[in-house]
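Coordinate analysis (summary)
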Amino acid sequence: MESIISDSYAVHFNENAFNSLNAHLAKKAYSIVFILVDENTHELCLPQFMAEINGDYQFEIIEIESGEVNKNIETCVGVWEALSELGADRKSILINLGGGVLTDLGGFVASTFKRGIDFINVPTTLLSMVDASVGGKTGVDLGSLKNQIGVINQPIMVLVEPDFLDSLDNRQVRSGFAEMLKHGLIQDKLYWEALKQAESLEDMKKYILSSIKIKNNVVLQDPTEQNIRKILNYGHTLGHAIESYFLENDSKETLLHGEAIAIGMILEGYLSNKLTNLPFATLEDIKTTFLSRYEKVEFLEDDFENILKLMKYDKKNSHGKVNFVLLKEIGNPVFDIEIPVELFAEAFAYYKV
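Here is a short report on the structure shown in this document. (Residues numbered from 1 in each chain as written. Predicted model: local features only at pLDDT ≥ 70, side-chain atom pairs only at ≥ 80, totals over all residues. Heavy atoms only, no water.)

Before going further, it helps to spend a moment on the packing of helix α7 (residues 170–187) against helix α10 (residues 208–221). Between α7 and α10, the shortest axis-to-axis distance is 10 Å and the interhelical angle comes to 50 degrees. Our classification of the angle between α7 and α10 gives oblique. The element α7 and its partner α10 pack so that their crossing is left-handed. From α7, M180, H183 and Q187 reach across to α10, where they touch I208, S211, I214, K215 and V218. Residues belonging to the contact of α7 with α10 are distributed by class as follows: four nonpolar, three polar and one charged. (Axes fitted to C-alpha atoms, helices over the stretch in contact; angles between N-to-C directions. Helix = DSSP H or I, 4+ residues; strand = E, 2+ residues; numbered from the N terminus. Parallel < 35°, antiparallel > 145°, perpendicular 65-115°, else oblique. Left-handed = near helix turned anticlockwise from the far one by under 90°. Contact = heavy atoms within 4.5 Å. Nonpolar A, V, L, I, M, F, W, Y, C, P; charged D, E, K, R; others polar.)

So, in structure tokens, the structure goes:
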């Protein structure tokens, strides 16, 4: 498979991924090669990854606990301390082997350790392959508020090996597929229609390259998210608030990222119907598609109020205004749209029906 060139680095696929990695390691002669894993990728992915590396290097493995709840500055401190204790210097490299939580956090750790060391991302979940693999966003959560601390900094390269996905459970696969469906909604109606037919993991694997290309094309136009890159946040303004609320509330089952933004895309589809003339038939198609794949979540009156309060922390906001990405039609998004407050209750009511 091919490579995708994104800004200052490339996303490499399959055998090309490990060929590129081996060539880079041989050329750079790093002092120490650090590999950041969680307990899952340590067991399920690291042996396969190490088997593909040619050459005699000094390796050190650093393990963190998996899950969004551990994507915080305390975990970063632990990794920084481990790097320091294991003798990392500015000629070391950090390879992040894991899902989006790990690559976001690992990229931030590398970008700030000794004012920045090289890092390579090896995404191992569908979500991280189609979303975190492109764009250079690194960072961690502040309490339950998502991605409040971080920097935009590009990796040396990204390696995508779809075989890593075979270790995922169905829930994790569905979470990643929500981002792929989003790519169709914001860029390409034919892609949206094709994705609706995908049922198995093998079906979804066929579209990974297409989704990365869509995101990459957007990011190349606007690397620092000043304008057009904001469209990638469709479904995320409400979706992130829902994800944060369910993460911090002990009485709620934690939602995966894709599960939360699937809800967000239905809600923001409703807002699009009301404010940017998204046809009602298209809104119904969006709702039906997501509810056929993602179990409906119950919202109580108190939940609704607290979720709206969390929206004020969204990174896209400015000057005290909560800004949304909405759809005029599939493939035609608009951004920086303010929402009349009374429409939020209507959107949740539409989701519940």
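By the definition in use, this model includes 15 salt bridges. Of the charged contacts in the structure, one is a salt bridge between K146 and E68, with a shortest N-O distance of 3.0 Å. Of this pair, K146 sits in strand β8 (residues 145–149) while E68 sits in the loop between β4 (59–64) and α4 (73–85), placing them 78 residues apart in sequence. A salt bridge links D131 to K215, with the shortest nitrogen-to-oxygen separation between them at 3.0 Å. Residue D131 is located in helix α6 (residues 126–132), and its partner K215 is located in helix α10; the two are separated by 84 residues in the primary sequence. Three or more residues are tied together by salt bridges with common partners; here these are E68, K146 and E243. (Salt bridge = Lys/Arg side-chain N within 4 Å of Asp/Glu carboxyl O.)

In terms of strand pairing, strand β10 (residues 324–329) meets strand β11 (residues 332–337) through four bridges, oriented antiparallel. In the sheet register, L326 faces β11, and the bridge partner there is V334. (Pairing = 2+ DSSP bridges.)

Note on aromatic pairs: each is described by the distance of the centres and the angle between the planes. One pass over the structure, following the stated rule, counts 13 aromatic pairs. Plain terms: the ring middles of W80 and F108 are 6.1 Å apart, the flat faces sit at 55 degrees to each other, and that makes the pair tilted. With a gap of 28 residues between them, W80 in helix α4 and F108 in helix α5 (residues 100–112) connect regions that are remote in the sequence. Residue W80 is classed as partly exposed on the basis of its relative accessible area, which comes to 21%. Look at F304 and F348: their rings are 5.2 Å apart centre to centre, the planes differ by 75 degrees, and that puts the pair in the edge-to-face class. Of the two residues, F304 sits in helix α14 (residues 301–310) while F348 sits in helix α15 (residues 342–352), which places them 44 residues apart along the sequence. With a relative accessible area of 11%, F304 lands in the buried category. Linked through ring pairs, Y245, F246, F299, F304, F348 and Y351 together constitute an aromatic cluster. Directly above the aromatic system of Y350 lies the positively charged group of K287, at a separation of 4.1 Å from the ring centroid. (Phe/Tyr/Trp six-rings, centres within 6.5 Å; stacked < 30°, edge-to-face > 60°. Buried < 20%, exposed > 50% of the residue type's maximum accessible area, 1.4 Å probe, protein only. Lys NZ or Arg CZ within 6 Å of the ring centre and 35° of its normal.)

On the surface, a cluster of positive charge is made up of K27, K28, R90, K91, K114 and R115. Following the sequence through the fold, R90 ends up in the loop between α4 and β5 (93–98). (Patch = residues over 30% accessible without salt bridge, like charges linked within 9 Å, V, L, I, M, F, W, Y side chains within 5 Å. Areas by Shrake-Rupley, 256 points an atom, 1.4 Å probe, with all protein chains shown as cover. Lys, Arg positive; Asp, Glu negative; His and termini not counted. Charge placed at Lys NZ, Arg CZ, Asp CG, Glu CD.)

Another point: the nonpolar core. Counting 94 residues, the largest nonpolar core has F49, L238, I242, L271 and F290 as the members making the most contacts within it. When residues no more than four places from it in sequence are discounted, the contact partners of L238 are G264, L267, E268, L271, I307, L308, M311, F324, F344 and F348. One finds I64, L105, F108 and F119 within the second-largest nonpolar core, a separate group that totals 20 residues. (Core = buried A, V, L, I, M, F, W, Y, C linked by side-chain atoms within 4.5 Å.)

This paragraph deals with the environment of L105. Tracing the sequence through the fold places L105 in helix α5. Here the alpha-carbon distance between L105 and K137, two residues 32 residues apart in the chain, equals 9.8 Å. When neighbours within four sequence positions are excluded, L105 is seen to be in contact with L36, I64, N70, K71, N72, T75, C76, V79, G139 and V140.

Considered for burial, the residues of helix α8 (residues 189–196) that qualify are Y191, W192 and L195. An end-on view of α8 places all buried positions within 105 degrees of arc, on one side of the element. Looking at the buried side of α8, the elements it contacts are α7, α10 and α13 (280–291). At the N-terminal boundary of α8, the capping side chain belongs to D188, with an oxygen 3.0 Å from the backbone nitrogen of L190. (Arc of directions from axis to C-beta. Polar contact = N/O pair within 3.5 Å; in protein donor to acceptor, adjacent residues only side chain to side chain.)

With that settled, consider α5. The terminal C-alpha atoms of α5 lie 18 Å apart, and with 13 residues this matches the ideal 18 Å at 1.5 Å per residue to within 8%. Burial analysis of α5 places eleven of its 13 residues in the buried class, the great majority of the element. Residue K114 follows α5 closely and has a positive phi angle near 50 degrees. (Expected span 1.5 Å × (residues − 1).)

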